[in-house]
Amino acid sequence: MNKITVITSSRNRENFLEDNINHVSKIELLKEHLIIDFSSEKKIDQSNYEKTKTKILNILDENEWSITRSYNVGIYFSESEYTMKIDADILIDPEKFSKLDFQNYDILYFQDNEWDSGNFIAKTSVLKEINGYNEFIKSRFDDNDLLYRLKKGNYKIGKASGIIKEKIDHSDELRHSSSDNYFKKKSPEVYSYAVVKSHNNSGAYISSLNLWSKNCKLNYKISKNSEIKIIHCKYYEKIKFSSNLKLKFIYLKTFFRIYYKNENNYFYAILKRLLPIALWVMPLKINEKIIGVKISS
């Protein structure tokens, strides 16, 4: 049987990679571990990983974080029969993985609950048949969208528990930077959760539009030192105006519903319904200045 290529996306997360790479390196069938360095502020240096099976793919000129654009690079350049996706904040248990009969599935998820479908091993041919991740989605609901399209294609899907040894707790600030604003200062934890849920619900809406297909071309230019330029368009910028308007309203509605979820009096009940409408009719830049983050899927 051919070996496994592991893909891991990193944007300003090199501090996570030492343990991540160490655990992945113990996988018996490992061919190589592709680290997709998605335009980090400090470029990851391949020389730091010599004499290992780790290969750094430095992605150039991507100012905005997009997890789908990042992981599609890994899928595109994977040459093994199987591709395993392991996020940078995940430590896999190689001993438990070695006992899995993953060959019986088109994709096998490492899933300890029904909500987390972000880490898996799949036939590389299957991932390429469905054209990888949906790049109309930038950062949330990407894994759910992938699973939905796999189910729609009648692929054989499995689930294995206990394969993830540890998930490192972290902030997404270096990926989704937010400016200081009233909501963040008043309640940082609630604010952070509201932003995550807003991105997630926006991604779910974009997924429901069924925009992604094999007709969405992926094109890359790679240099001799493994620097990669993504040539194809930013598909998330190609969403129709009317769809973007609805996405904007979903984002605002979700944000204020979550942010004020613990406020049960009539004033806040009215406020969290009126604010999304009031901001929705305003220019996007004003929305983003008030909330402090870029509104997107």
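Shown above is the structure to which this text applies.
Residues numbered from 1 in each chain as written. Predicted model: local features only at pLDDT ≥ 70, side-chain atom pairs only at ≥ 80, totals over all residues. Heavy atoms only, no water.

*Asks:* Lay out the side chain of serine 39 with the relevant residues and their values.
*Replies:* Mapped onto the secondary structure, serine 39 falls in the loop between strand S2 (30–38) and strand S3 (54–59). Looking at serine 39, the relative accessible area reads 18%, which means it is buried. Within the local environment of serine 39, its side chain forms a polar contact with the backbone oxygen of isoleucine 59, the two atoms lying 2.7 Å apart. In this view, serine 39 contacts Arg11, Ile59, Leu60, Asp61 and Glu62; residues no more than four positions away in its chain are not counted. (Helix = DSSP H or I, 4+ residues; strand = E, 2+ residues; numbered from the N terminus. Buried < 20%, exposed > 50% of the residue type's maximum accessible area, 1.4 Å probe, protein only. Polar contact = N/O pair within 3.5 Å; in protein donor to acceptor, adjacent residues only side chain to side chain. Contact = heavy atoms within 4.5 Å.)

*Asks:* For helix H7 (residues 188–208), give the residues involved together with the corresponding values.
*Replies:* Each α-helix winds once per 3.6 residues, and so residues spaced three or four apart point in a common direction. Here H7 is 21 residues long and its end C-alpha atoms lie 31 Å apart, about the 30 Å a rise of 1.5 Å per residue gives. Its buried side turned inward, H7 meets helix H5 (142–152), helix H6 (182–186), helix H8 (241–259) and helix H10 (284–291). Following H7 by one or two positions, asparagine 210 adopts a phi angle in the positive range, close to 55 degrees. (Expected span 1.5 Å × (residues − 1).)

*Asks:* Outline the nonpolar core, listing residues and values.
*Replies:* Membership of the largest hydrophobic core comes to 53 residues, with the highest contact counts inside it found for Val73, Phe120, Tyr191 and Phe255. Tallying contributions element by element places H8 first for this core, with eight residues. Filtering out sequence-adjacent residues up to four positions away, phenylalanine 120 remains in contact with Thr83, Met84, Lys85, Ile107, Leu108, Tyr109, Phe110, Leu127, Tyr133 and Leu146. Core analysis: the next-biggest nonpolar cluster, separate from the first, contains 19 residues, Leu108, Phe110, Ile121 and Ile163 among them. (Core = buried A, V, L, I, M, F, W, Y, C linked by side-chain atoms within 4.5 Å.)

*Asks:* Just give me the short version of the pairing of strand S11 (residues 227–230), but keep the residues and values in it.
*Replies:* As judged from the two bridges shared by S3 and S11, these two strands associate in the parallel manner. Across the sheet, residue isoleucine 59 finds its bridge partner in S11, namely isoleucine 228. Of the pairings in the sheet, the one linking strand S10 (residues 220–222) to S11 comprises three bridges and is antiparallel in character. Bridge assignment links lysine 221 to a residue of S11, and that residue is lysine 229. Counting the residues that bridge the hairpin from S10 to S11 gives four residues, and of these serine 226 lies at a positive phi of roughly 65 degrees. (Pairing = 2+ DSSP bridges.)

*Asks:* Pulling in residues and values, what's your account of a nonpolar patch on the surface?
*Replies:* Together, Trp280, Val281, Met282, Ile286 and Ile290 line one region of the surface with nonpolar side chains, adding up to about 410 Å² of accessible area. Inspection of the secondary structure puts isoleucine 290 in helix H10. (Patch = residues over 30% accessible without salt bridge, like charges linked within 9 Å, V, L, I, M, F, W, Y side chains within 5 Å. Areas by Shrake-Rupley, 256 points an atom, 1.4 Å probe, with all protein chains shown as cover. Salt bridge = Lys/Arg side-chain N within 4 Å of Asp/Glu carboxyl O.)

*Asks:* Provide a residue-level description of the environment of leucine 100, including the pertinent values.
*Replies:* With respect to the helices, strands and loops of the structure, leucine 100 is situated in the loop between helix H3 (94–97) and strand S6 (107–110). Measuring from C-alpha to C-alpha, the distance between leucine 100 and alanine 160 comes to 8.1 Å, with 60 residues separating the pair along the chain. With sequence-adjacent residues up to four places away left out, leucine 100 is seen in contact with Leu108, Phe110, Ala160 and Ile163.

*Asks:* Hey, could you go over the packing of H7 against H8 for me, with residue numbers and the actual values?
*Replies:* Their axes nearest at 8 Å, the elements H7 and H8 cross at an angle of 150 degrees. Between H7 and H8, the angle is such that the two are roughly antiparallel. Crossing handedness for the pair H7 and H8: right-handed. Within the contact between the two elements, H7 uses Val190, Tyr191, Tyr193, Ala194, Val195, Lys197, Ser198, His199, Asn201, Ser202, Tyr205 and Ile206 and H8 uses Ser243, Lys246, Leu247, Ile250, Tyr251, Thr254, Phe255, Arg257, Ile258 and Tyr259. Taken together, the residues of the contact of H7 with H8 sort by class into 13 nonpolar, six polar and three charged. (Axes fitted to C-alpha atoms, helices over the stretch in contact; angles between N-to-C directions. Parallel < 35°, antiparallel > 145°, perpendicular 65-115°, else oblique. Left-handed = near helix turned anticlockwise from the far one by under 90°. Nonpolar A, V, L, I, M, F, W, Y, C, P; charged D, E, K, R; others polar.)

*Asks:* Please give an account of the state of the cysteines that cites residues and values.
*Replies:* Under the counting rule described, the total for this entry stands at zero disulfides. Cysteine 216 takes part in no disulfide bond, and the closest cysteine sulfur to it belongs to cysteine 233, at a distance of 7.9 Å. Taking relative accessible area as the criterion, cysteine 216 reaches 7% and is therefore assigned buried. Residue cysteine 233 is classed as partly exposed on the basis of its relative accessible area of 29%. (Disulfide = S-S within 2.5 Å.)

*Asks:* How would you sum up the sheet that holds S2? Please name residues and give values.
*Replies:* A sheet is described by the order of its strands in space; here nine strands give the open sequence S8-S6-S7-S4-S1-S2-S3-S11-S10, paired in mixed fashion. The open sheet is flanked by strand S8 (157–160) and S10, the only strands paired with a single partner. With strand direction ignored, the average angle separating the axes of adjacent strands in the sheet is 25 degrees. Judged from the four bridges that link them, S6 and S8 form a sheet pairing that is parallel. When the sheet's bridge partners are listed, isoleucine 107 is paired in S8 with isoleucine 157. Contacting strand S1 (4–10), S2 and S3, helix H1 (residues 14–24) crosses the sheet at an angle of about 170 degrees to S2.

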